[in-house]
Amino acid sequence: MASQACTSGICGYLCSSIGKKQLMGVTAFLLIGFLKAHLLGNFLLLLGPAAFNEYGHKLMSLGPLLIIAEIILLAIFLTHLVLAISLVWQNRKARPVKYYSKQRTGRGATFASNTMPYTGIVILIFICLHLWCFKYGTYYEFDLDGIIVRDLYRTVIEYFANPFYTAWYVLAMIAMGIHLSHGVQSAFQSVGFRHARYTPLIKKLGCALSLFLTVGFSGLSIYGYYISTTLNY
Amino acid sequence: MSAQSMKIKLKIWRQADNNSKGAMQDYNLDNVSPDMSFLEMLDLLNENLINSGSDPVAFDHDCREGICGMCSLMINGEAHGPQKLTTTCQLHMRSFKDGDTIIIEPFRAKAFPVHKDLMVDRTAFDEIIAAGGFVSMNAGNAPDGNAIPIGKETAELAMDAAACIGCGACVASCENASAMLFTSAKLSQLALLPQGKAEAKERALGMVKKMDELGFGNCTNAAECEASCPKGIELSNIARMNREFFKSALSNK
């Protein structure tokens, strides 16, 4: 049978609606894992330039390991992005004639679930700018006990000295929080985890995690702005 | 108990056939009794239309007691109207107020083409069933009722899934016109029971493949389907289908 090729094996799975959603969920879990590690690293900003730059230097000194990790992270992100585009494209095609009145029951979809593609786009733009500004941004030198390392702390503070830049960061992080507030519980459902007792808990923990990441990241950018105005670093 | 008669305004989608362009059309309807069912209200409208020599509004209906799954309609943006766990035929005009404007549209999805006016072709659902929503067994003497023991809880879950009447409200209310709730209910009612285990793999793969081919959208886990289902089919069925499909795809040669 000609159509057999599409149902069988990994290709058939990845071509299916459920396969795509499950891969969306798994990549989402991995990306959230990265976000948590990223935020914990960022908290070192609070300890001052030495601690933060030393952390950055240690990461950089991983050398090829870091590059491999970055490639894996990029692959995960691109998978999530490409799948999202494919799913949204199919979803749009599934209803060619729209309703005259707005669909609503008020008991299902939320603002977060309705805006997943839009908050996703905000996050995509954010990530591009974020890498441009910091990873590939201005290179200052910092003397860490005799070793010359990158002064990423200074780059960070310089950017957040601009209140518009800080405001954009906070807004982007709110978009990320909204995205995750639906995304976490949705990912669990996609991989097939649903339980009468645990699912309501997962929904609450998902929202708590989104709030933690949003407040953490945007709090640090506001802290960066605060430092730039008070210490005149 | 004579209820006061109501005057209502209707905005109804009129479309001659699948190839013509449709449009919303306005109607005024007097002497609507609050005790009428929604479909009786449409019958009244059609009587008036026929008497005045116009084309009556085509809409699907059959049993009119909420079990056949033929009635449909998007009423003010809600599949089967504003009342929870209720099909359009079981909805009454007392759910509306005198002078209300009611917007009536067909269920919209690429896989549900409009036949005429409010009537859509839901053959796509039959095709999903035919792709694996069955069990194959030798027909012979009736088997002993208790030959295969099934736990009470499992039996209840399977019965809950089997409550799906295949009306398509889940597709209509889903932002992505996804048929996941329907497909998962039809899969679950068999997958949960020992009789359904033998063909579990082929069923999951076949039904999901057919569902995708027919052009239904994907699931965003927003739960609008569950909220609008007149039979209370739960999202846990979709999670079960996701597991069944993963297992089947993994072990498929």
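Here the structure is a predicted model, which is why all the values come from computation and not from measurement.

Cut-offs and rules
Residues numbered from 1 in each chain as written. Chains lettered and ligands numbered in written order. Predicted model: local features only at pLDDT ≥ 70, side-chain atom pairs only at ≥ 80, totals over all residues. Heavy atoms only, no water. Contact = heavy atoms within 4.5 Å. Buried area = accessible area lost by both parts, 1.4 Å probe. Polar contact = N/O pair within 3.5 Å; in protein donor to acceptor, adjacent residues only side chain to side chain. Helix = DSSP H or I, 4+ residues; strand = E, 2+ residues; numbered from the N terminus. Axes fitted to C-alpha atoms, helices over the stretch in contact; angles between N-to-C directions. Parallel < 35°, antiparallel > 145°, perpendicular 65-115°, else oblique. Nonpolar A, V, L, I, M, F, W, Y, C, P; charged D, E, K, R; others polar. Domains from an automatic or database assignment. Salt bridge = Lys/Arg side-chain N within 4 Å of Asp/Glu carboxyl O. Core = buried A, V, L, I, M, F, W, Y, C linked by side-chain atoms within 4.5 Å. Buried < 20%, exposed > 50% of the residue type's maximum accessible area, 1.4 Å probe, protein only. Phe/Tyr/Trp six-rings, centres within 6.5 Å; stacked < 30°, edge-to-face > 60°. Lys NZ or Arg CZ within 6 Å of the ring centre and 35° of its normal. Left-handed = near helix turned anticlockwise from the far one by under 90°. Pairing = 2+ DSSP bridges.

## Considering the interface of chain B and chain A
- With 52 residues of chain B at the contact, the number on the chain A side is 41 residues.
- Surface buried jointly by chain B and chain A totals about 3800 Å² across both partners, of which 51% is contributed by carbon and sulfur atoms.
- Connecting chain B to chain A are 30 residue pairs in polar contact (both at pLDDT 80 or more).
- At the level of elements, β5 (101-105), α4 (169-173), α7 (200-213), α8 (224-228) and α9 (236-251) of chain B are the ones that each hand at least two residues to the side of chain B that touches chain A.
- Considering each element in turn, the side of chain B that touches chain A owes the most residues, nine residues, to α9(B).

## Digging into the packing of helix α3 (residues 17-42) of chain A against α9(B)
- Running from N to C, α3(A) and α9(B) cross one another at 100 degrees; their axes reach a closest spacing of 10 Å. It follows from the interaxial angle that α3(A) and α9(B) lie roughly perpendicular. Two secondary-structure elements touch here, α3(A) through I18(A), G19(A) and Q22(A) and α9(B) through M241(B), N242(B), R243(B), F245(B) and F246(B).
- Among the residues forming the contact of α3(A) with α9(B), the class breakdown is four nonpolar, three polar and one charged.

## A few points about the domain arrangement of chain B
Residue and element names in this part refer to chain B.
- Looking at chain B, the domain boundaries give domain 1 (6-115) and domain 2 (122-136 + 148-251).
- Each of domain 1 and domain 2 has a C-alpha centre, and these two points are 28 Å apart.
- Across the contact, 20 residues belong to domain 1 and 20 residues belong to domain 2.
- Across the domain 1 to domain 2 interface the summed buried area is about 1400 Å²; carbon plus sulfur atoms make up 65%.
- Among the residues of domain 1 in contact with domain 2, L85, A111 and F112 are the three that bury the most area, contributing 35% of the side total.
- Seen at the junction of domain 1 and domain 2, the total is one salt bridge.

## Overview of the nonpolar core
Residues and elements named next belong to chain B.
- In terms of nonpolar packing, the biggest core is built from 47 residues, with F107, F112, F125, I128, V171 and F216 touching the most fellow members.
- Elements represented by at least two residues in this core include exactly α2 (123-130), α4, α5 (180-191), α7 and α9.
- When residues of this core are sorted by domain, at least three fall in each of domain 1 (6-115) and domain 2 (122-136 + 148-251).
- Apart from residues no more than four positions distant in its own chain, F125 is found in contact with F112, G166, C167, G168, C170, V171, A179, F182 and F216.
- Counting residues in hydrophobic clusters, the runner-up holds 28 residues, among them I8, L10, I12 and C89.

## Brief notes about the packing of aromatic side chains
- One pass over the structure, following the stated rule, counts 19 aromatic pairs over all chains.
- With a centroid separation of 4.8 Å and an interplanar angle of 90 degrees, the aromatic rings of F160(A) and Y169(A) are classed as edge-to-face. Accessibility assignment for this pair places F160(A) and Y169(A) in one class, buried.
- Note on F38(B) and F96(B): the rings are 5.7 Å apart at their centroids and 45 degrees apart in plane angle, and the pair reads as tilted. Here F38(B) is found in helix α1 (residues 38-51), whereas its partner F96(B) is found in the loop between β4 (78-79) and β5, with 58 residues between them in sequence. Like F38(B), the residue F96(B) is buried in the burial classification.
- Positioned above the aromatic ring of Y140(A), the side-chain terminus of R154(A) is 3.9 Å from the ring centre.
- Above the plane of the ring of W13(B) lies R108(B), whose end atom (NZ or CZ) is 4.2 Å from the centre.

## What about the packing of α2(B) against α5(B)?
Residue and element names in this part refer to chain B.
- α5 packs onto α2 with a crossing angle of 35 degrees between their chain directions and a minimal axis gap of 10 Å. The two elements α2 and α5 cross, and the hand of that crossing is right-handed. Of the residues in α5, those touching α2 at F125, I128 and I129 are F182, T183 and K186.
- Considered class by class, the residues forming the contact of α2 with α5 number four nonpolar, one polar and one charged.

## Quick word on the pattern of salt bridges
Residues and elements named next belong to chain B.
- Under the criterion given, the structure shown has 15 salt bridges over all chains.
- With a shortest N-O distance of 3.6 Å, D55 and R14 are connected by a salt bridge. On the criterion of sequence distance, the pair formed by D55 in the loop between α1 and β3 (74-75) and R14 in strand β1 (residues 6-14) is long-range, its members being 41 residues apart.
- The exposure class assigned to D55 is partly exposed, which follows from its relative accessible area of 45%.
- The exposure class of R14 is buried, given its relative accessible area of 13%.
- When the shortest N-O distance is used, the salt bridge between D35 and R94 registers 3.2 Å. With D35 in the loop between β2 (23-32) and α1 and R94 in the loop between β4 and β5, the pair connects residues that are 59 residues apart, well separated along the chain.
- We classify D35 as partly exposed; its relative accessible area is 43%.
- Each of R14, D55, K116 and D117 takes part in one network of salt bridges that share partners.

## So, the sheet that holds β3(B)
- Here we have five strands laid out as an open sheet, ordered β2-β1-β5-β3-β4 (chain B), and mixed in their pairing. With partners counted over all chains shown, the strands left at the sheet margins are β2 and β4 of chain B, one partner each.

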